[in-house]
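Observations on the three-dimensional arrangement
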Amino acid sequence: GIETHFQLDSITAKYVKVEKIYLTLDELKKIEKAKLEDENFIHARDWLLISCETGQRVSDFLNFNKEQIRFENGKPLIEFTQVKTGKIMTVPLSKKVMSILKKRKGEFPKTMADQKYNDYVKEVCEKAKLTNKVKGSIVEVLPNETKRKKSGIFEKWKLVTSHIGRRSFATNNYGIIPTSLLMGVTGHSTEKQFLEYIGKSDTQKALQLAEYF
């Protein structure tokens, strides 16, 4: 259904499996404890932790501000409009997020451009020693300044991008928080989409369910 140029006779597409890279709870602890001196890295680390706690896209969480916070029955919530979908969202703020705000006297970290954040979180994860080798792909800049994706085995910090917080939130909470509630936060419209997003197969779903029996 997508309109293409009249000179194109046909278009073929190849399905490529994408590795589902996310940060484990142990890795998040390493990131939290990493010694950082550069203020930009400190701000980026706090944003990364916030993204892993709220499950939002980089275009949304980097625009969070204290005016969006309200309390219902003593519970802190943040309300905002998603940039991509235009949907009004209300998301609870965890104790971790509130502790980050408390140390900043109620303020969120300094905002920054998406690309800067993308660069900084890689540096933060390198300093947190996330050097275990995992399969994935990186964007490689060629001599003519064009870019291409290169697949292989890399140290994990090299694979960290601004998107990793949302997937980490979904993956780390899967099986702990009801899937329907997680989907309400991530914005996935079907459970199938959600499971594909975190890389869970039907077999893994069944094994997860078996733990309740």
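My aim in this report is to walk through the structure given alongside it, one point at a time. Residue indices follow the written sequence of each chain, beginning from 1 at its first position. Only residues with pLDDT of 70 or above have their local features reported here, since the model is predicted, and side-chain atom pairs are shown and tallied only from 80 upward, although totals for entire chains, interfaces and linings are computed over all residues. For side-chain calculations, the full set of non-hydrogen atoms in the structure is used, while hydrogens and water are omitted.

With that settled, consider the pairing of strand β4 (residues 133–141). Think of it this way: DSSP has to see at least two bridges between two strands before they count as a pair. In DSSP terms, a helix is any run of H or I states spanning at least four residues, a strand is any run of E spanning at least two, and both are numbered starting from the N terminus. Pairing geometry for β4 and strand β5 (residues 147–155), over 9 bridges, is antiparallel. By the bridge assignment, E140 is partnered in β5 with R148. The antiparallel hairpin formed by β4 and β5 contains 5 residues in its connecting segment, where E145 sits at a positive phi of about 70°.

Attention now moves to helix α1 (residues 25–33). Taken together, the buried positions of α1 are E27, L28 and I31. One side of α1 carries all its buried residues, which in axial view fall inside an arc of 100°. In this structure, α1 carries L25, D26 and K33 as exposed residues pointing more than 90 degrees from its buried face. In this analysis, two residues are considered to be in contact whenever any of their non-hydrogen atoms come within 4.5 Å of each other. Buried residues along α1 sit in contact with α2 (39–54), α5 (114–127) and α6 (164–173). Under the scheme applied here, a residue whose accessible area is under 20% of the maximum for its type counts as buried, over 50% as exposed, and between as partly exposed, the area being computed with a 1.4 Å probe on protein chains only. Note: the arc covers the axis-to-C-beta directions of the helix.

For the purposes of this section, nonpolar cores are sets of buried Ala, Val, Leu, Ile, Met, Phe, Trp, Tyr and Cys residues that join through side-chain atoms within 4.5 Å. Formed by 52 residues in total, the largest nonpolar core has its most connected members in L23, I31, W47, L48 and Y117. Considering every element that reaches this core, the biggest residue donor is α2, with 8 residues. Once you skip the residues sitting within four places of it in the chain, L23 turns out to touch L28, I31, L48, C52, L130, K156, V160, I164, S168 and N172.

This paragraph deals with the packing of aromatic side chains. Within 6.5 Å between ring centres, the rings of Phe, Tyr and Trp (the latter by its six-membered ring) count as paired, and their orientation is classed by plane angle as stacked under 30 degrees, edge-to-face over 60, tilted in between. For the structure shown, the criterion picks out 7 aromatic pairs. Aromatic side chains F41 and Y120 sit 5.8 Å apart centroid to centroid with 70° between the ring planes, which places their arrangement in the edge-to-face category. In this pair, F41 sits in helix α2 while Y120 sits in helix α5, placing the two residues 79 residues apart along the sequence. When its relative accessible area of 12% is taken as the criterion, F41 is described as buried. Connected via pairs of aromatic rings, a cluster forms that spans W47, F61, F64, F80, F108 and Y117.

Relative to the helices and strands, F64 is located in the loop between α3 (58–61) and β1 (69–72). Along the backbone, F64 and T12 are 52 residues apart, and their C-alpha atoms lie at a distance of 40 Å. Beyond its immediate sequence surroundings of up to four residues, F64 is in contact with W47, I50, T54, Q56, I78, F80 and F108.

Strand order in the open sheet made by the 3 strands is β1-β2-β3, with antiparallel pairing throughout. Edge positions in the sheet fall to β1 and β3 (88–92), since each has one partner strand and no second. Each strand axis lies, on average, 35° off the axis of its neighbour in the sheet, ignoring direction. Of the pairings in the sheet, the one linking strand β2 (residues 75–81) to β3 comprises 5 bridges and is antiparallel in character. Of the residues in β3, the one forming a bridge with F80 is M89. All axes here are fitted lines through C-alpha atoms, helices being fitted over the stretch that makes contact, and every angle between N-to-C directions spans 0 to 180 degrees.

The next point concerns the packing of α6 against helix α7 (residues 179–186). Following both chains from N to C, one finds α6 and α7 inclined at 175°, their axes separated by 10 Å at the closest point. For the element pair α6 / α7, the angle class is roughly antiparallel. For the pair formed by α6 and α7, the contact residues are R166, F169, A170 and N173 on the first element and L182, V185 and T186 on the second. Residue polarity follows a fixed list, in which Ala, Val, Leu, Ile, Met, Phe, Trp, Tyr, Cys and Pro are nonpolar, Asp, Glu, Lys and Arg are charged, and the others, Gly among them, are polar. Grouping the amino acids of the contact of α6 with α7 by side-chain chemistry returns 4 nonpolar, 2 polar and 1 charged. Any angle that falls under 35 degrees is termed roughly parallel, while one over 145 is termed roughly antiparallel, one within 65 to 115 roughly perpendicular, and all others oblique.

This part takes up the pattern of salt bridges. Salt bridges are identified by distance alone: a Lys or Arg side-chain nitrogen within 4 Å of an Asp or Glu carboxyl oxygen. Taken as a whole and judged by the stated rule, the model has 9 salt bridges. Across the pair E107 and K66 runs a salt bridge, and its minimum N-O distance is 2.9 Å. One end of the pair, E107, is in the loop between α4 (95–103) and α5; the other, K66, is in the loop between α3 and β1, and 41 residues separate them in sequence. Judged by relative accessible area, E107 falls into the partly exposed class, the value being 36%. Since its relative accessible area comes to 38%, K66 is described here as partly exposed. Where K150 meets E140, a salt bridge forms, and the shortest distance between an N and an O atom there is 3.8 Å. Remark: E140 occurs in strand β4 and K150 occurs in strand β5; sequence separation between them is 10 residues. Classification of K150 by relative accessible area gives partly exposed; the value is 38%. For E140, a relative accessible area of 22% puts it in the partly exposed group.

These figures capture arrangement, not role.
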